[in-house]
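As a plain string of letters, each chain reads:
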Amino acid sequence: MSERYNRIQFANNGPWAAFSQNEIYRWAGELNKEALHIRVLFAGMSRMNSLGHAQFGMGELARLIGTVTGGEVKARRPDSVSVAIKEAKKRGFIAPESNARCLVLRHHVFQKSTKARWRCPVHDLD
Ligand SMILES: [Zn+2]
């Protein structure tokens, strides 16, 4: 892993802000009526590592962006998840190589500072 992932630096030293991954995760999971592609983005932001990869277990994303009725979580159907991911890609929120097991956020928009080493078995990255 290169030094570049240890610190945040956008093109031309442009301004940047930070966000709470815990709060973004909560948003991803609780906004029943929000557009699903936005919740997919939030899900990716909440989980992204220093490489911009956000991994999810089998069916985890479908549950995270599912509906909550009376305290019960109902997972989205796989086709609904696919449509949401496709829309998020179309809008440039996530990279084309994203899928339900790993959402990929672009380095020119999303960066995370950490010295931790990360892998992505979904995209076969070490
Ligand atoms: Zn990945």
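Refer to the structure printed above.
Quick caveat, the model's predicted, so the values are computed rather than measured. Throughout this document, residue positions are counted from 1 along each chain, in the order its sequence is written. Since the coordinates come from a predicted model, pLDDT governs what is reported: local features require at least 70, and pairs of side-chain atoms require 80 or more to be given and counted, while whole-chain, interface and lining totals use all residues. Side-chain measures were taken over the full set of non-hydrogen atoms in the model, leaving aside hydrogen atoms and water.

### Some thoughts on the pattern of salt bridges
- Counted as salt bridges are all cases of a side-chain nitrogen of Lys or Arg within 4 Å of a carboxyl oxygen of Asp or Glu. One pass over the structure, following the stated rule, counts six salt bridges.
- In this structure, Arg-26 and Glu-23 form a salt bridge, with 2.6 Å as the shortest nitrogen-oxygen distance. One end of the pair, Arg-26, and the other, Glu-23, are both in helix 1 (residues 21-30), three residues apart, so they sit about a helical turn from each other.
- Between Glu-87 and Arg-91 there is a salt bridge; the shortest N-O distance is 2.6 Å.
- Judged by its relative accessible area of 21%, Glu-87 is partly exposed.
- To sort residues, take the accessible area from a 1.4 Å probe on protein chains only and compare it with the maximum for the residue type: under 20% means buried, over 50% means exposed, and anything in between is partly exposed. The class of Arg-91 is partly exposed, set by a relative accessible area of 46%.
- A cluster of three or more residues bridged by salt bridges with shared partners is formed by Glu-87, Lys-90 and Arg-91. For the purposes of this entry, the term helix denotes a DSSP run of H or I that reaches at least four residues, the term strand denotes a run of E that reaches at least two, and both are numbered from the N terminus.

### Regarding the packing of helix 2 (residues 36-47) against helix 4 (residues 78-90)
- Between helix 2 and helix 4, whose axes approach to 8 Å, the crossing angle comes to 80°. Taken together, the axes of helix 2 and helix 4 are roughly perpendicular relative to one another. Between helix 2, through Leu-36, His-37 and Val-40, and helix 4, the contact on the second element is made entirely by Ser-80, Ala-84, Ile-85, Glu-87 and Ala-88.
- Residues that form the contact of helix 2 with helix 4 fall into these classes: five nonpolar, two polar and one charged. For helices, the fitted line uses only the C-alpha atoms of the stretch in contact; every axis is such a line through C-alpha atoms, and the angle between N-to-C directions lies from 0 to 180 degrees. Oblique is the label for every angle not falling under 35 degrees (roughly parallel), over 145 degrees (roughly antiparallel), or within 65 to 115 degrees (roughly perpendicular). Any two residues whose heavy atoms approach within 4.5 Å are treated as being in contact. Nonpolar residues are Ala, Val, Leu, Ile, Met, Phe, Trp, Tyr, Cys and Pro. Charged residues are Asp, Glu, Lys and Arg, and all others, Gly as well, are polar.

### Observations concerning the packing of helix 1 against helix 2
- Where helix 1 contacts helix 2, the axes come no closer than 8 Å and their chain directions differ by 150°. Here helix 2 runs roughly antiparallel to helix 1, going by the angle between their axes. For the element pair helix 1 and helix 2, the recorded crossing hand is left-handed. Where helix 1 approaches helix 2, its residues Gln-21, Ile-24, Tyr-25, Trp-27, Ala-28, Gly-29 and Glu-30 are matched on the opposing element by Arg-39, Phe-42, Ala-43, Met-45, Ser-46 and Arg-47. In this scheme the crossing of two helices becomes right-handed for a clockwise turn of the near helix relative to the far one and left-handed for an anticlockwise turn of less than a right angle.

### Notes on the coordination of the zinc ion
- With water excluded from the atoms, a metal site may look incomplete; its donors are any N, O or S atoms within 2.8 Å, or within 3.2 Å for Na, K and Ca. Bound to the zinc ion on the protein side are His-53 (ND1), Cys-102 (SG), Cys-120 (SG) and His-123 (ND1), at distances that span 2.0 to 2.3 Å.
- Only two sets of limits are used to name each site, 85 to 135 degrees for every angle of a tetrahedral four-donor site, and over 155 degrees for opposite donors with all other angles from 65 to 115 for a square planar four-donor or octahedral six-donor site, with any other site named irregular. Classification of the site at the zinc ion as tetrahedral follows from its four donor atoms and the range of 104 to 114° in their angles at the metal.
- Along the chain, the residues donating to the zinc ion fall in the pattern H-x48-C-x17-C-x2-H. Taken together, the residues Cys-102 in strand 4 (residues 102-104) and His-123 in the segment after strand 4 connect sequence positions 21 residues apart.
- Under the relative-accessibility criterion, Cys-102 is labelled buried at 0%.
- The exposure class of His-123 is partly exposed, given its relative accessible area of 21%.

### Focus on the environment of Arg-119
- Looking at where Arg-119 falls in the secondary structure, it is placed in the segment after strand 4.
- Here Arg-119 falls in the partly exposed class, since its relative accessible area comes to 47%.
- Here the alpha-carbon distance between Arg-119 and Pro-78, two residues 41 residues apart in the chain, equals 25 Å.

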